[in-house]
Amino acid sequence: MKEAAGEANLTVIAIILIGIIAAVVTPLINTTMETTKKRTCCQNNGGTWVDGACNGASDVCA
């Protein structure tokens, strides 16, 4: 019985760790995707992406 309880505890710990990792990584991925979207739009409209801002392109992507 002790083995089953230990295995259940490890399962709970694993689920909690997966949830924590997902909560930390999700905002990072969303930020990266948004930046990539803006950079791509800037470059497609003839601009250059410098220091997190679009230079020399029309303001279509805002």
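For clarity, every value in this text was computed on a predicted model and none was experimentally measured. (Residues numbered from 1 in each chain as written. Predicted model: local features only at pLDDT ≥ 70, side-chain atom pairs only at ≥ 80, totals over all residues. Heavy atoms only, no water.)

1. A look at the overall build of the protein chain
- Scanning the protein chain for helices and strands turns up one helix and two strands.
- Put simply, the protein chain runs from its N terminus to its C terminus through helices and strands in the order α-β-β.
- A buried classification covers 3% of the 62 residues belonging to the protein chain. (Helix = DSSP H or I, 4+ residues; strand = E, 2+ residues; numbered from the N terminus. Buried < 20%, exposed > 50% of the residue type's maximum accessible area, 1.4 Å probe, protein only.)

2. A closer look at the state of the cysteines
- Following the criterion strictly, the structure yields one disulfide and no others.
- The residue that forms a disulfide with Cys-42 is Cys-54, at a sulfur-sulfur distance of 2.0 Å. Every disulfide takes its handedness from the sign of the S-S torsion; for Cys-42 and Cys-54 that torsion is 85°, giving right-handed. Here the residue Cys-42 occupies a position in helix α1 (residues 2–44), and Cys-54 occupies one in strand β2 (residues 53–55), the gap between them amounting to twelve residues.
- Note on Cys-42: relative accessible area 1%, which makes it buried. (Disulfide = S-S within 2.5 Å.)

3. Let's talk about the confidence of the model for the protein chain
- Taken as a whole, the protein chain shows an average pLDDT of 86; of its residues, 85% reach a score of 70 or greater.
- When pLDDT is averaged over each element of the protein chain, α1 comes out on top at 89 and β2 at the bottom at 86. (pLDDT = per-residue confidence, 0-100.)

4. Observations concerning the environment of Val-50
- Here Val-50 shows up in strand β1 (residues 48–50).
- Relative accessible area serves as the criterion here: at 39%, Val-50 is assigned to the partly exposed category.
- Between the alpha carbons of Val-50 and Arg-39 there is a distance of 9.3 Å; along the sequence they are eleven residues apart.

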